[in-house]
Every structure is written in C-alpha cells, then in structure tokens.
Protein chains: 2
Amino acid sequence: MSKCEQCIVREFSSLKALNKDELVKLAGCKTSRIIRKGEVIFEEGENVNGIFCIKDGVCKLTKLSPNGKDHIVKLVSKGELLGQRSMISDEPVNLSAVALEDMEVCFIPKTEVMGFFDKNNQFSMNVMKTICGDLKEADSHTVNMAQKTVKERLAETLLHLHDTFGKNEDDSLKIQLSRDELASMIGTATESCIRLLSDFNKLGLIKLVGKKITITDISKLKKISE
Amino acid sequence: MSKCEQCIVREFSSLKALNKDELVKLAGCKTSRIIRKGEVIFEEGENVNGIFCIKDGVCKLTKLSPNGKDHIVKLVSKGELLGQRSMISDEPVNLSAVALEDMEVCFIPKTEVMGFFDKNNQFSMNVMKTICGDLKEADSHTVNMAQKTVKERLAETLLHLHDTFGKNEDDSLKIQLSRDELASMIGTATESCIRLLSDFNKLGLIKLVGKKITITDISKLKKISE
DNA sequence: ATAAAAATATGATATATGTCATATAAATTC
DNA sequence: GAATTTATATGACATATATCATATTTTTAT
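Residues numbered from 1 in each chain as written. Chains lettered and ligands numbered in written order. Predicted model: local features only at pLDDT ≥ 70, side-chain atom pairs only at ≥ 80, totals over all residues. Heavy atoms only, no water.

Engineer: Lay out the UniProt feature "domain: HTH crp-type" (unreviewed entry) in chain A in plain terms, naming residues and giving numbers.
Structural biologist: This chain's UniProt record puts "domain: HTH crp-type" (unreviewed entry) on residues 148-219 of chain A. Between the first and last C-alpha atoms of residues 148-219 of chain A the distance is 18 Å; the span itself is 54% helix and 11% strand. (UniProt positions renumbered as here; feature names shortened; annotations may be inferred. Helix = DSSP H or I, 4+ residues; strand = E, 2+ residues; numbered from the N terminus.)

So, in structure tokens, the structure goes:
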C-alpha cells in the first residue's frame, strides 16, 4: 500500500488540508484500484459509501435521460475527488462515472472522510468550496443548454477541452472523445455533431485528422461560442 | 426589530440548527426589508456580503445568457436562504434575484453567518446539504435542457410548479408566471411556450383562463414529460 | 373611463436540428 | 491479413422550434 503522504495528486484536491497524522491514517484505510478505459467506477443510483481520489486518468460523469440517451455532465481528471456530493447528502450517487482512459483511483471509506470533515475545518471548507464551484458551473451549463444553439455549444466545448486538458505536441486536443461522446456533452445527435465539426473544419476553425481534433482559430471559435 | 426566535420560517431553513443564544445574536444584526413585486434583491456580479432569509414571498433566480435573454434557473420561496453559495465561495453572486410577488426578506451579514458556520456543526452541515441538493437538481436540469424537447420541458415545469407551490381554491396554480417567464424557465421562445400551452389546452391537459393555468390531467402531463 | 402600453394569441415562414439511409474509413477480432 | 464490427461522414428528408407579422385581450397610466 503506497503512502498518501508521498502522493502528489493529493495537493490538487481538498485533501491538501490534511496533516501528517491524518495522511498516515488515510493511507491505512484507503484502497487503490486500476480501472481500464471504458470501465465503470460507479453507476447512477448506487450506494458508494466513500469518495474516490483520482490518481491518474480522466473519467466522464454521465446521467441517463428518460429518452434513453446518456448525457455527459462533466469530465473529471487527475487530482480531483468523486462522490463528495453523494456522501454529504447521504444519498446514492446521481451520476455514473466511466473511465475515458486507463485510470488509477483510490477509494476512501465514508467513515474516514467524515472524520476529517468533523475535525479538520480547512478540509471541510475545501470540500464545500469545491461543491459550490460545481454548483456555479452547473447553473451556467443549464443556461448554456437552454439558451445556446448546438453550434455555439460545440464551439464552447472545444475551447473548454482545450483549456482544461491542453494539447499534444502536434497541437491536437489531448483529451480524445468519440464524436458520440462529444455529442452527448453538448446535447445533440451524433450526426449533427459530426456535421458541425465538418463545417468548422471547412471554415478553417479546426483541423480533423482521424479522431484527432486540432483547434486552428481560437478567436473565431470564441466568437462563435458567443 | 422583530425577534428571530419567534420567526416561524426559520424552522424551514438551515437556521433551524441555531440555539437560543445564537438566535438572539442573529436578531441583533439582521435587517429586514420589504421588496415589491418586480424589484431586484441582488444582481449577477454583485458582492452581496451575506445571506437573505425569505420570510415571505417568492423570487426568481436568473442568469443572463450571452444572447441577451434571461434564463430562470430556480424559484425560491418562503423559508429558503439566498446567497449561500456566493458566501462560501467568497465570490460575487452568479445569479440575479427578482421578486415575483411582494416579499419580506431579512439580510444577515456574512461575518455573522460565518460565525455560526464555524461554531455550530449542525448549521454548517445543513447549509452543505442544501447546496448539495441544489447541485443534484442543477445537474438534473442541465440534462433535461440538453435532452428533452420543449414540449416535455413545459409539461415537466407545469407539474413542478404544481408540486412546489400548490393550487388555489379554484385549482389553478398558485404561482403566477407570465408566459415570458415560463418560457425563460423552460428555455424557449415566448411564442413557442404560448403555442404549446394552447395545444395542451386543446388536448384537455390544462385549462387557461386569463393568466391562470389549471392542470386538469396530471397523469397525461406526466406521460408527456416522460 | 379612455388612451396607451404591455401581454397573450395565432398565422406564415425560415431555420436548426433530428432521423433514417447509405457510404467510407478505422478499429477489432479471428 | 482478411473479415467483421464499429466509428465517422454525408445526403435526403422530416420535424421542432425560432422569428416576424399581426390581431386580440389585458393591464396600466392619465
């Protein structure tokens, strides 16, 4: 069992507030897991009873709509925590988590986290601020979905992927989503998504090579995203 | 200055965790305000520096979209608190609050609330649970906006208004929204909203008398909302 | 009470987006 | 490495929704 004290990603999450003793205690009760691309970490409605700390990799948080389509609510990556809302609400998770790449995640049981929560004020404050940030973002998403066109949402999403995950040496977006996944992030049909990508390509805003997307004109994309 | 101890609505919010001493202290620093229908409580981007406790009335929380349209993110009524997220994030508010009816609200300065927050565990836990509930709801809204049709969203919203605010003696919805406001809740053009209401009316799902809306077939509406 | 303004309603039309069909390209399996 | 499956791409068409125009009703102001 690796030590949490020496884990770098801890510094990126609420867990950075924990002191040495707490980290030792944490290391003693956490369990580590390798999750392959496409595997499910947890499913909507499940009782998770703890939180996951992402040591490496990226996953999507999805919610099933009554029309049978999955909607990607959020992408979560290295250093972030999963399942905090559900733990605090004391409810099953409302979203599913599925790995977009091979991942390494640690599971921390609820009892342990709640202990830190009670005793370490900075930790609980960090968690709260994270959740408040998520709420602000979620409201903003709702408005985007309700008021923007698919084209605007696609432009915005491409820029968001660029800003959040960066690019490879060849300038293509580091995060690789299928057209289907991209469509389910912006809330449209896969074909519509493909068509608009193709339009952006013809307009010289992006370059498509196989599955790779390269943004070639950020400012015009920004203009389109409004 | 009225006493918080005797205020009934306190029981409906996170404030119910406060003890007698805390309530006396609260009563000493809170300020009460009457807000007329249509008046703004706070505006997106403003520094609010405290929270509002709604003693009476209902308001809408809106966010301006880049297309110039306001989107109604949430309706908030008697007994609920406003501005919690902003206070915890230590950021300007991300939503505007506008009264839908005449209201009575109390303002509690941030310093005071944060004091309770630090010392009263139950209070901070209540606030967190509220915000977690908001987040769950917001994610669900996002998915609805992204995946459901306008018709489905209208049906769902009517049912939600019915469940949340109840009905008058004549069975019409207690909460009165203009067609414009209803449209800005479901994220559509005012004309589309009016047209669909008219369709629902012709199908016998609702009854329209002036501004009043009466739901006459809940189960069919539920079916439409999916 | 009357005039003016705003809200509601409906028609006509344009546009965005979804759906279904089919072709091609890429990835996976045997 | 060929065969099969899956993902991407594009066309044709249907449908949902937005926009603009105009009529009617309701509310507000004088």
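Engineer: Got a sec to walk through the domain arrangement of chain A? Specific residues and values, please.
Structural biologist: Residues and elements named next belong to chain A. Structurally, chain A comprises domain 1 (4-145) and domain 2 (148-225). Here the C-alpha centroids of domain 1 and domain 2 sit 27 Å apart. Each side of the interface is counted separately: domain 1 has 12 residues, and domain 2 has 12 residues. Across the interface of domain 1 and domain 2, roughly 1100 Å² is buried in total on both sides, 58% from carbon and sulfur atoms. On the domain 1 side of the interface with domain 2, the three residues burying the most area are Ile72, Leu75 and Asn144, jointly 47% of the side's total. At the boundary of domain 1 and domain 2, one finds 1 salt bridge. Between Lys60 and Glu181 there is a salt bridge; the shortest N-O distance is 3.1 Å. Put simply, domain 1 and domain 2 have 6 residue pairs in polar contact (both at pLDDT 80 or more) between them. (Domains from an automatic or database assignment. Contact = heavy atoms within 4.5 Å. Buried area = accessible area lost by both parts, 1.4 Å probe. Salt bridge = Lys/Arg side-chain N within 4 Å of Asp/Glu carboxyl O. Polar contact = N/O pair within 3.5 Å; in protein donor to acceptor, adjacent residues only side chain to side chain.)

Engineer: Help me get a handle on the sheet that holds strand E4 (residues 58-64) of chain A, residues and values and all.
Structural biologist: Each strand in a sheet pairs with its neighbour through backbone hydrogen bonds, running either in the same direction (parallel) or in the opposite one (antiparallel). Pairing is antiparallel across the open sheet formed by 4 strands, whose spatial order is E2-E7-E4-E5 (chain A). Across the chains shown, the open sheet's two edge strands, defined by having one partner strand only, are strand E2 (40-42) and strand E5 (70-77) of chain A. Ignoring strand direction, the axes of neighbouring strands in this sheet form an average angle of 30 degrees. Judged from the 4 bridges that link them, E4 of chain A and strand E7 (residues 96-99) of chain A form a sheet pairing that is antiparallel. The partner of Leu61 of chain A across the bridge, within E7 of chain A, is Ala97 of chain A. Packing of helix H4 (residues 121-147) of chain B onto the sheet brings it into contact with E4 and E5 of chain A, and relative to E5 of chain A it is tilted by some 130 degrees. (Pairing = 2+ DSSP bridges. Axes fitted to C-alpha atoms, helices over the stretch in contact; angles between N-to-C directions.)

Engineer: Describe the UniProt feature "domain: Cyclic nucleotide-binding" (unreviewed entry) in chain A, listing the residues and the values that go with them.
Structural biologist: The UniProt entry lists residues 14-110 of chain A under the feature "domain: Cyclic nucleotide-binding" (unreviewed entry), expressed in the numbering used here. Along residues 14-110 of chain A the backbone is 18% helical and 44% strand, and the end-to-end C-alpha distance reaches 15 Å.

Engineer: Before we move on, could you go through the protein's contact with DNA strand D and cite the residues and values that matter?
Structural biologist: DNA strand D sits among 16 residues. The nearest are Arg179 and Ser198 of chain A together with Val150, Thr188 and Ser192 of chain B. Restricting attention to atoms of DNA strand D within 4 Å of the protein, one finds that 59% of them are sugar or phosphate atoms. In this structure, a base nitrogen belonging to DNA strand D sits 3.5 Å away from a side-chain N or O atom of Glu191 of chain B. When contributions to the surface near DNA strand D are tallied by element, the ones reaching two or more residues are helix H6 (179-186) and helix H7 (190-202) of chain A together with helix H7 (190-202) of chain B. If one sorts the elements of the surface near DNA strand D by residue count, H7 of chain A sits on top with 4 residues. Of the residues contributing to the surface near DNA strand D, the split by class is 3 nonpolar, 5 polar and 8 charged. (Near = heavy atom within 4 Å. Nonpolar A, V, L, I, M, F, W, Y, C, P; charged D, E, K, R; others polar.)

Engineer: Give a detailed account of the protein's contact with DNA strand C, specifying residues and quantitative values.
Structural biologist: In the vicinity of DNA strand C lie 16 residues, with Val150, Thr188 and Ser192 of chain A together with Arg179 and Ser198 of chain B positioned nearest. Considering the 4 Å shell around the protein, atoms of DNA strand C inside it are sugar or phosphate in 55% of instances. A distance of 2.8 Å separates a phosphate oxygen of DNA strand C from a polar side-chain atom of Arg179 of chain B. Separating a phosphate oxygen of DNA strand C from a side-chain N or O atom of Ser198 of chain B is a distance of 2.7 Å. Counting residues per element, the ones that place at least two in the surface near DNA strand C are H7 of chain A together with helix H6 (179-186) and H7 of chain B. At 4 residues, H7 of chain B tops the list of elements feeding residues into the surface near DNA strand C.

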